[in-house]
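Each chain, written out:
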Amino acid sequence: MSSTASNIVTSPARQNRVTLRKTVVSCLALTIALLLSIVLMSLIGSEQLPARASLCALASFGTSSCGLTRDQFDILFQIRLPRILLAAAVGGSLATAGAAYQALLRNPLAEPYLLGISNGAAVGTMIALIFFGASEWTRPFLAFTGALLATLAVYRLARGRAGATPERLVLAGVIVTTFLSSVIVFVTTLMDATRIRSFTFWLLGDLSGTSRTLLPVAITITIVGALALTLNARSLNLLMLGERDAFDLGVEVGRVRVVVFVVASLLVGSSVAASGSVGYVGLVVPHLARLSLGSDNRISIPAAALGGALFVIVADTVARTIIAPRELPVGAITALIGAPLFIYLLKRA
Amino acid sequence: MSLPAHVDRVISLAPNLTEIVFAVGGGNRLVGRTSYCDYPPEAKAVAEIGDTLHPSLERIIALRPQVVLISTASQLEIFTQQLQNQNIAVFVTDPHDLTGVFRSIGQVGEILGQQQQATLVVQKLRDRTNAVEQAVKQKPLVRVFYQLSAEPLYTAGHDAFVTDLIRRAGAISVTAAVPGAWPKYSNESALAAKPEAIILPTGGSMGAGNSNVTEALRQSPAALAGRVYKINDDHLVRPGPRAVDGLEEMAKALHPDAFDK
Amino acid sequence: MIFSVARRKPGKPLMLEARDLSVSYDHRIAVANVSLTLNAAEITAIIGPNGAGKSTLLRALNGQIKPASGVILLDGQPLERLNRRSISRRVAVVAQEAELRFPVTVLEFVLGGRFAWATNAGWGWETERDLRVAEAVLQETELTELSGRLMNELSGGERQRALMARALATEAPILLLDEPTANLDLSHQATLLSLVRNRCDRDQSAALVVTHDINLASQFADNILLMKDGRTFTSGTPEEVLKPQILEEVFEVKVLVDAHPVTGGPRVTPVHEPHRHS
């Protein structure tokens, strides 16, 4: 071993690599930030709640009311906390799906909305609402189906001679998105005027729907989906550099592609079924994660999941307090924050 | 734009205006209506020209109306310009409260040369309104939540027509001060408002929709006391003659003891 | 057309063998009835005109394209029976680099070559051994100084070396190289193939190089396979294959073949006749 070998051992390249330790530390920090935000944002809302008593009640996990009135307790635990948890699930799902698409399609602009997946899920949800309105479970199920069908449509459209290149995929996605948008508009015009208003609001992202049964489902799907995608992170790292290269180096490209498409459809489907299309989360959060922590998916996918949860919790808090007691759709806020942020990121790149 | 002396052909672009045209006796001169104009039943025989948001300019012109009645609540400002370009007289009326409705009825009566009938109609409506207001005058005001849609939660704001009706029915809408006509409302604030009664507009154009109280209000004093009243939504949101029906229905529901004979 | 296996050093193991291989690509037959063997410590070059099927053949050998007929044996086992990772541990490919859209350092890039050795498919962290292998190949390809730089910051020649380093990092005994010197200047061309030569000599690796550069093939290859229209035209040592009448028939151009003044091997020079105006 010559002296150059010992230089390598202490080289900055080696140190700056993503390691298990770095990943654990970053994820721990983000988890703590997430938990803090859950607690803090539950103190904020259109109705004033006493801070100390609320914190005490939260700390007791709802077993003790700590002096809160019945109504205050209900507001905190029946309305605000479930909504914040739903925001976390939706944000985590959409950001993770976005990160996975960006890696698989080798395109930093790939995003569930742009690819038509969100609209596919929205159409599925609308069908569920119109034809099976009473049954809650049909919504996430049909949303998942819609998302998967949209994914397949995009993929078939994009398949050219050289396979489905990232450019063709995004182009096909735009076609599918705009087509499905027209379908959605068409269906809304068939509704009467009163329902149009609430549908339009929902389409822009509405976290105010309280579903006791579907919330745990949404949270579970977020966690399971993020885990499933993180477990393929090393394959995605190679896929990000080129499908052929990844194949040569031992990645089972077809299998990973199927996993990403199915899991991402599940994540997008469950989010859209619960809250409509919340845009920009799948675009901006993974970008931020990669900018600050590197492109290695082993760290950027879990970071995107946690960061996405954080982002939507904060955006939703703004949406439900800024013109209180009225509310804005959370998608409007994520767009307002996300679009300028995205322009800034584009300029830096 | 000046009106011809005798108007034979009129088109209505809003359901409440169709009802007013028929109420003043001008129904036989109505040559066009929107697909939402479903009352009175005779209106359904009139030709359709589209819905309130996107009526067909071609169809309207083809029907050769002399006047087109528009409610600005249907967002037709651009449309109005196009009609005037075609030398079709446009009459815009957008009543925000019951007094405005009475005025509109009078105006439509004038346009159609049915002033006498219009005056009669208005008088009767006024009498009924006064009767209601008298009956509930001494009663304590009931705090009411008007639920337009459960999920997402929409209610009636300051500018909504029904807010005036609620006031006249001897109640106070807990969202009367909220800016706008139909704001999307926070679940928390709805819960904190603790309304004593809940109005569910349903059964008319809404069909079977909106027949359940929203989750956040399931434990409200109104829900627990069973004071949830379903009223035909067409009686509450159309600023026309039937609004007085809606007023009576609400008042009777909120203050049943004021109407026992 | 079946031909005999070219000069094979006695006692060297047979590593990758293709028997009567036909491969279709793009709805036409790109490779027809080709057989070849790759032996340890040998470099085999495949040359031929454009469209001869050279790259398609290479892609079939690493399992990317399924052959229409024929069989490929890797260490005696049929290729289609092996899973992706076990193939990647035995066969490494150096091809043209895809456009990199995400920032990645040279070290991270080279470490990608260790994927096939990961204990968990798709997850897991690089081991100490992985790092040592990466560092050794970075030294071998003289990229140590650049290991912390982003791949996008490297010159064309440096990137090609990084591709080579990644392939070497897989520790695969069989190397398939598709036009590895295409974008390299003179100094780098020789360096790259010297690397391959060293590997073959030192570790008994086998290498297959698809190239346009006949003289490079002549200098470095032990065997040459000359292809035309998807078929094997002939094969053998450089002396046996690089004969004027053979080359003229395949490339349809007049050539001059003489002995290289330094190496003594065949040196091919195309002769361009000036265009005559009548």
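This text follows the structure it describes.
Residues numbered from 1 in each chain as written. Chains lettered and ligands numbered in written order. Predicted model: local features only at pLDDT ≥ 70, side-chain atom pairs only at ≥ 80, totals over all residues.

K.L.:
Any details on the overall build of chain C? Residues and values, ideally.
P.N.:
Helix and strand content of chain C: nine helices and twelve strands. A globule of 278 residues ought to have a C-alpha radius of gyration of about 19 Å, and chain C, at 19 Å, matches this closely. Considered along the principal axes of its C-alpha atoms, chain C spans approximately 65 × 40 × 40 Å. Each of the 278 residues in chain C was classed as buried or not, and the buried ones make up 46%. (Helix = DSSP H or I, 4+ residues; strand = E, 2+ residues; numbered from the N terminus. Rg over C-alpha atoms; globule rule 2.2 N^0.38 Å. Buried ≥ 20, exposed ≤ 12 C-beta atoms within 10 Å, placed from the backbone.)

K.L.:
Go over the sheet that holds strand β6 (residues 91-94) of chain C with me, naming the residues and quoting the values.
P.N.:
All names here are of chain C. Read from one edge to the other, the open sheet built from six strands follows the order β6-β7-β8-β3-β9-β10, with strand pairing classed as mixed. The strands lining the two open edges of the sheet, one partner per strand, are β6 and β10 (231-236). Adjacent strand axes in the sheet meet at a mean angle of 20 degrees when their direction is disregarded. For strand β3 (residues 43-47) and strand β9 (residues 223-228), the ladder comprises four bridges, and the chain directions are parallel. Note on β9: the bridge partner recorded for Ile46 is Leu225. Seen against the sheet, helix α5 (residues 156-169) touches β6 and β7 (174-178) and runs at an angle of roughly 175 degrees to β6. (Pairing = 2+ DSSP bridges. Axes fitted to C-alpha atoms, helices over the stretch in contact; angles between N-to-C directions. Contact = placed C-beta atoms within 7 Å.)

K.L.:
Can you tell me about the interface of chain A and chain C, naming the residues and giving the values?
P.N.:
Counting residues at the interface gives 32 residues for chain A, matched by 31 residues for chain C. Listed by contribution, the elements that provide at least two residues to the side of chain A that touches chain C are α1 (3-9), α2 (12-16), α11 (233-239) and α12 (243-248) of chain A.

K.L.:
Quick one: what's the story with the arrangement of the chains, residue by residue and with numbers?
P.N.:
Ranking the two pairs of chains in contact by contact count places chains A and C at the top. No part of chain B reaches chain C; the closest C-alpha pair between them is 41 Å apart.

K.L.:
Describe the packing of helix α5 (residues 70-104) of chain A against helix α13 (residues 253-275) of chain A, and please don't skip the residues or the numbers.
P.N.:
All names here are of chain A. One way to put it is that α5 packs onto α13 with a least axis distance of 9 Å and a crossing angle of 150 degrees. If you check the angle between α5 and α13, you find them roughly antiparallel. Both α5 and α13 take part in a crossing whose hand is left-handed. Across the interface between the two elements, Leu86, Val90, Ser93, Leu94, Thr96, Ala97, Ala100, Tyr101 and Leu104 of α5 pack against Arg257, Val260, Ala264, Leu267, Val268, Ser270, Ser271, Ala274 and Ser275 of α13. Class assignment of the residues belonging to the contact of α5 with α13 gives a composition of twelve nonpolar, five polar and one charged. (Parallel < 35°, antiparallel > 145°, perpendicular 65-115°, else oblique. Left-handed = near helix turned anticlockwise from the far one by under 90°. Nonpolar A, V, L, I, M, F, W, Y, C, P; charged D, E, K, R; others polar.)

K.L.:
Please set out the sheet that holds strand β2 (residues 30-32) of chain B residue by residue, giving values where relevant.
P.N.:
Residue and element names in this part refer to chain B. In space, the four strands of this open sheet follow the order β2-β1-β3-β4, with parallel pairing throughout. Looking at strand neighbours, the two that pair on one side only are β2 and β4 (89-92), the edges of this open sheet. The sheet shows a mean angle of 35 degrees between the axes of neighbouring strands, taken without regard to direction. The pairing of strand β3 (residues 67-70) with β4 spans four bridges and is classified as parallel. Its bridge partner lying in β4, Leu69 is registered against Phe91. The strands touched by helix α1 (residues 15-23) within the sheet are β1 (10-12), β2 and β3, with β1 carrying the most contacts at an inclination of about 140 degrees.

K.L.:
With reference to specific residues and values, describe the nonpolar core.
P.N.:
In this structure, Ala100 and Val312 of chain A together with Val110 and Leu175 of chain C are the most contacted members of the largest nonpolar core, which totals 180 residues. Here this core gets 14 residues from one element, more than from any other, and that element is α5 of chain A. Each residue touching Val312 of chain A, except ones within four places of it in the same chain, is listed here: Ala87, Val90, Gly91, Val278, Val281, Val330 and Thr334 of chain A. (Core = buried A, V, L, I, M, F, W, Y, C linked by C-beta atoms within 7 Å.)

K.L.:
Talk me through helix α14 (residues 281-293) of chain A; I want residue IDs and the actual numbers.
P.N.:
What sets the pattern is the α-helix's 3.6 residues per turn: residues three or four places apart point alike. Residue and element names in this part refer to chain A. Counted at 1.5 Å a residue, the expected span for α14 with its 13 residues is 18 Å, and the 18 Å between its end C-alpha atoms agrees. For α14, every residue scored as buried is listed here: Val281, Gly282, Leu283, Val284, Val285, Pro286, His287, Ala289, Arg290 and Leu293. Of the surrounding secondary structure, the elements contacted by the buried residues of α14 are α3 (20-41), α5, α15 (297-321) and α16 (330-348). The first or second residue beyond α14 is Gly294, which carries a positive phi of 100 degrees. (Expected span 1.5 Å × (residues − 1).)

K.L.:
Could you give an account of the packing of α5 of chain A against helix α10 (residues 214-230) of chain A, naming the residues involved and the relevant values?
P.N.:
Residues and elements named next belong to chain A. At a closest axis distance of 9 Å, the pairing of α5 and α10 adopts a crossing angle of 30 degrees. One way to sum up the angle between α5 and α10 is to call them roughly parallel. As for the relative orientation of α5 and α10, their crossing is left-handed in sense. Contacts between α5 and α10 involve Pro82, Leu85, Leu86, Ala89, Gly92, Ser93, Thr96 and Ala100 on the former and, on the latter, Leu215, Ala218, Ile219, Ile221, Thr222, Gly225, Ala226 and Leu229.

K.L.:
Tell me what's going on with the environment of Thr237 of chain C, and back it up with residues and numbers.
P.N.:
Following the sequence through the fold, Thr237 of chain C ends up in the loop between β10 and α8 (238-241). Put simply, Thr237 of chain C and Asn223 of chain C are 14 residues apart on the chain and 4.7 Å apart in space, counted from C-alpha to C-alpha.

K.L.:
Account for the interface of chain B and chain A, naming residues and giving values.
P.N.:
Each side of the interface is counted separately: chain B has 25 residues, and chain A has 25 residues. Mapped onto the side of chain B that touches chain A, the elements with two or more residues apiece are β5 (142-149) and α7 (187-193) of chain B. The greatest single-element share of the side of chain B that touches chain A, amounting to five residues, is contributed by α7 of chain B. In terms of residue class, the side of chain B that touches chain A is built from twelve nonpolar, eight polar and five charged.

Structural measurements only, silent on function.
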